[in-house]
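Take a look at the letters that make up each chain.
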Amino acid sequence: KIFYETWCVPGNMVISVSGDADQDAIIKMVSDKLMELKDSDLPKIEIPPPQPERSQGMTQIEMNKEESLLLVGYRTPGIQSEDRFPLEVLSSIVSGSDGRLNTMVRERSGLSYSLGCALSAGLDAGYLVFYIATTGEDLAPSKERLIEVLRSLRRNGVTASEIALAKKRIAGDTLSGMQTNGFVA
């Protein structure tokens, strides 16, 4: 009851109507109903910004399966950070059929049936994760190849042609995604 009385107040509500509706009738009905509710100031919530984590660790989960999944992840800044865009380009450079990870792990070594890089930017923080799906016997060499790719990125950076190709891929993916019903809605 306390939660409801604190947060479910007219000043904290959003009402949305779609379809063939009588706007004036909807406004009157909602206004009449909201008049029954007591409005109040919302409590101020202070959320401290996330602190960067510098720790390293490894978790290994043994399961009775033939498949193995290797994940190497990094915490990233949130969606409003300008670093989001270079990270998106990096993810594109590493992923895909012509990406560095595919070239090193799949084409040259034949170690994986699915791999790539995924970026998720949240409001405050996100993550960048490199993944390789492989067999249990190929897990150790897959991990070595992934570490080689990451060290190469750190040591040598990326080329101008990789950046240009990644930007074109991202633009194409964005335009393609805009043609879905989900985007239009």
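Overview of the structure. Not measured: the values here are computed from a predicted model.

## Remarks on the pattern of salt bridges
For the structure shown, the criterion picks out five salt bridges. For Arg169, the salt bridge is made with Asp98, and the minimal N-O distance between the two is 2.5 Å. With Arg169 in helix H6 (residues 160-177) and Asp98 in the loop between helix H3 (84-94) and helix H4 (100-107), this residue pair connects regions lying 71 residues apart in the sequence. The exposure class assigned to Arg169 is partly exposed, which follows from its relative accessible area of 23%.

## Things to note about the packing of H4 against helix H5 (residues 139-156)
One way to put it is that H4 packs onto H5 with a least axis distance of 10 Å and a crossing angle of 150°. By the criterion of interaxial angle, the relationship of H4 to H5 is roughly antiparallel. Handedness of the crossing formed by H4 with H5: right-handed. Touching Arg100, Leu101, Met104 and Val105 of H4 are Ser142, Arg145, Leu146, Glu148, Val149, Ser152 and Leu153, all from H5. Taken together, the residues that form the contact of H4 with H5 break down as six nonpolar, two polar and three charged.

## A look at H4
Turning to H4, its buried residues number three or more, namely Arg100, Leu101, Asn102, Met104 and Val105. Residues of H4 that are buried in the fold lie against H3, strand S2 (114-121), strand S3 (125-135), H5 and H6.

## Comments concerning the pairing of S3
In terms of strand pairing, strand S1 (residues 67-77) meets S3 through 11 bridges, oriented antiparallel. The residue of S3 that forms the bridge with Leu71 is Tyr131. A loop of three residues connects S2 with S3, the two strands running antiparallel in sequence.

## Points about the nonpolar core
Val94, Leu101, Val105, Phe130, Ile132 and Leu146 are the most contacted members of the largest nonpolar core, which has 16 residues in total. Mapped onto this core, the elements with two or more residues apiece are H3, H4, S2, S3 and H5. Counting residues per element, this core draws most heavily on H5, at four residues. Ignoring sequence-local partners within four residues, the contact set of Val94 consists of Gly99, Arg100, Leu101, Asn102, Cys117, Phe130 and Leu153.

## Details of the packing of aromatic side chains
For the structure on display, the rule yields one aromatic pair. Ring geometry for Tyr74 versus Phe130: centroids 6.2 Å apart, planes at 85°, classification edge-to-face. Here Tyr74 is found in strand S1, whereas its partner Phe130 is found in strand S3, with 56 residues between them in sequence.

## Focus on the sheet that holds S3
Spatially, S1-S3-S2 is the arrangement adopted by the three strands of the open sheet, whose pairing is antiparallel. Each edge of the open sheet is held by one strand with a lone partner, namely S1 and S2. Ignoring which end each strand starts from, the neighbouring axes of this sheet average 15° apart. In this fold H3 packs onto S1, S2 and S3, with an angle of close to 170° to the strand it touches most, S2. With respect to the sheet, H4 is in contact with S2 and S3, its orientation differing from that of S2 by roughly 150°.

Each value, and the rule that gives it
Residues numbered from 1 in each chain as written. Predicted model: local features only at pLDDT ≥ 70, side-chain atom pairs only at ≥ 80, totals over all residues. Heavy atoms only, no water. Salt bridge = Lys/Arg side-chain N within 4 Å of Asp/Glu carboxyl O. Helix = DSSP H or I, 4+ residues; strand = E, 2+ residues; numbered from the N terminus. Buried < 20%, exposed > 50% of the residue type's maximum accessible area, 1.4 Å probe, protein only. Axes fitted to C-alpha atoms, helices over the stretch in contact; angles between N-to-C directions. Parallel < 35°, antiparallel > 145°, perpendicular 65-115°, else oblique. Left-handed = near helix turned anticlockwise from the far one by under 90°. Contact = heavy atoms within 4.5 Å. Nonpolar A, V, L, I, M, F, W, Y, C, P; charged D, E, K, R; others polar. Pairing = 2+ DSSP bridges. Core = buried A, V, L, I, M, F, W, Y, C linked by side-chain atoms within 4.5 Å. Phe/Tyr/Trp six-rings, centres within 6.5 Å; stacked < 30°, edge-to-face > 60°.

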